[in-house]
Amino acid sequence: MLTQTIAVAGKGGVGKTTISGMIIDRLIRQKKGPILVVDADANSNLNEVLGVEVETTLGAIREEMAQSELKGTVPAGMTKADYAELKFADALIEEDDFDMLVMGRTQGQGCYCYVNGVLKTQINKYVGNYRYLVVDNEAGLEHISRGTLPHVDVMLLVSDSSRRGIQAVGRIAKMVDELGLKPGKMLLIVNRAPGGVLSDGVKEEIALQGLTLAGVLPHDDTVYEYDCDGKPSSKIPEDSPVKRALAAVMENLGL
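Only a predicted model underlies this, so the values are computations on that prediction, with no experimental measurement involved.

Draft legend 1. Quick peek at the overall build of the protein chain. Within the protein chain, the secondary structure is distributed over 10 helices and 8 strands. Relative to its length of 255 residues, the protein chain is compact, with a C-alpha radius of gyration of 19 Å against a globular reference of 18 Å. Per-residue burial over the protein chain gives 51% buried out of 255 residues. Of the contacts made within the protein chain by residues no fewer than 6 positions apart, 77% connect residues no fewer than 24 positions apart. Surface accessibility of the protein chain: about 12200 Å² in total, with carbon and sulfur atoms responsible for 47%. Averaged over its 27 positive side-chain charges, the protein chain has a centre that lies 5 Å from the centre of its 35 negative ones.

So, in structure tokens, the structure goes:
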């Protein structure tokens, strides 16, 4: 199966995790699975956006393994590699419509490089079984720059509707070019625009940064209301303004 990878990136607080959840929800509704979802942000909450319980993360398993090694409680007759394979297999969350890997936090110093390596191994092990891989990245591009992810077919850079937000995304885009990552497509989504309309200043900044605009998502109080009520924000009604706007973006991208 040829897997299409969609990576969502942007600085913290711009709504990229909510957008990731809505992208996944639309792929499910369009019956375009199977889908592998990866929450590659150490401060993970994509599961909450999707309404999924997470019993363990790669980071938590890494800590458990480290403690087992210190205490000498690795099962007798098992190598460390076999034990790691057994434990990390538990990290795949299997839902009806998608499967999910969550990076999660780590506690000890120097743990992130190890967990990044584990994440890469787990993705490589599973990804061929899925039609889509959707990755919610951390605020930076560490997972992409380290080669944690396979080739990215569509990279969506998310900004709020401020000039400074566009400048931040512009820096991420330049980093992508400097690292020679060469995604199939790299496009901008502007989120939470009042009335779904961009100001002239923001339009000017998009042009200055050399960014290609995929679409504008309006501010939508329903997202805030769902969050306050503890409901998964990816499940807001299909006729809500932000979901209609995102559906148009995805249709234009052939997703």
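Draft legend 2. Broad picture of the packing of aromatic side chains. For the structure on display, the rule yields 0 aromatic pairs. Above the face of the Tyr226 ring, Lys231 is positioned so that its terminal group lies 5.0 Å from the ring centre.

Draft legend 3. Structural view of the pairing of strand S4 (residues 99-102). A two-sided burial pattern is seen for S4, the buried positions comprising Asp99 and Leu101 on one face and Met100 and Val102 on the other. Bridge analysis of strand S2 (residues 35-39) against S4 gives 4 bridges, and the strand direction is parallel. Across the sheet, residue Val37 finds its bridge partner in S4, namely Met100. The pairing of strand S3 (residues 93-94) with S4 spans 2 bridges and is classified as antiparallel. For Glu94, the partnering residue across the bridge sits in S4 and is Asp99. From the end of S3 to the start of S4, which pair antiparallel, there are 4 residues.

Draft legend 4. Quick peek at the nonpolar core. By size, the foremost hydrophobic cluster in this structure holds 39 residues, and its most contacted members are Val38, Ile123 and Ile206. A total of 5 residues in this core trace back to one element, the largest contributor, which is helix H7 (residues 163-178). When neighbours within four sequence positions are excluded, Ile206 is seen to be in contact with Ile166, Leu188, Val190, Leu198, Leu211 and Leu213.

Draft legend 5. Main features of the pattern of salt bridges. Scanning the entire structure with this criterion turns up 9 salt bridges. Across the pair Lys16 and Asp136 runs a salt bridge, and its minimum N-O distance is 3.5 Å. Here Lys16 is found in helix H1 (residues 16-29), whereas its partner Asp136 is found in strand S5 (residues 132-136), with 120 residues between them in sequence. For Lys16, a relative accessible area of 5% puts it in the buried group. Where salt bridges share partners, they join Asp25, Arg29, Lys235, Glu238 and Lys243 into one cluster.

Draft legend 6. The arrangement of the pairing of strand S1 (residues 4-9) in detail. For S1, the tally of buried residues reaches 5 of 6 residues, placing the bulk of the element in the interior. Inspection of the sheet shows S1 paired to strand S6 (residues 154-160) by 4 bridges, in the parallel sense. Looking at the pairing, Ile6 lines up with Val154 of S6.

Draft legend 7. Summary view of the sheet that holds S6. Taken together, the 8 strands give an open sheet; going across it, the order is S3-S4-S2-S5-S1-S6-S7-S8, and neighbouring strands pair in mixed fashion. The strands lining the two open edges of the sheet, one partner per strand, are S3 and strand S8 (213-218). Relative to S8, helix H10 (residues 241-252) is tilted by about 170 degrees, and along the sheet it contacts strand S7 (185-193) and S8.

Draft legend 8. Up close: the side chain of Gln122. Secondary-structure assignment places Gln122 in helix H5 (residues 111-126). Residue Gln122 is classed as buried on the basis of its relative accessible area of 2%. Discounting residues that sit within four places of it in the chain, Gln122 has contacts with Leu58, Phe88 and Leu101.

Criteria and cut-off values
Residues numbered from 1 in each chain as written. Predicted model: local features only at pLDDT ≥ 70, side-chain atom pairs only at ≥ 80, totals over all residues. Heavy atoms only, no water. Helix = DSSP H or I, 4+ residues; strand = E, 2+ residues; numbered from the N terminus. Rg over C-alpha atoms; globule rule 2.2 N^0.38 Å. Buried < 20%, exposed > 50% of the residue type's maximum accessible area, 1.4 Å probe, protein only. Contact = heavy atoms within 4.5 Å. Areas by Shrake-Rupley, 256 points an atom, 1.4 Å probe, with all protein chains shown as cover. Lys, Arg positive; Asp, Glu negative; His and termini not counted. Charge placed at Lys NZ, Arg CZ, Asp CG, Glu CD. Phe/Tyr/Trp six-rings, centres within 6.5 Å; stacked < 30°, edge-to-face > 60°. Lys NZ or Arg CZ within 6 Å of the ring centre and 35° of its normal. Pairing = 2+ DSSP bridges. Core = buried A, V, L, I, M, F, W, Y, C linked by side-chain atoms within 4.5 Å. Salt bridge = Lys/Arg side-chain N within 4 Å of Asp/Glu carboxyl O. Axes fitted to C-alpha atoms, helices over the stretch in contact; angles between N-to-C directions.

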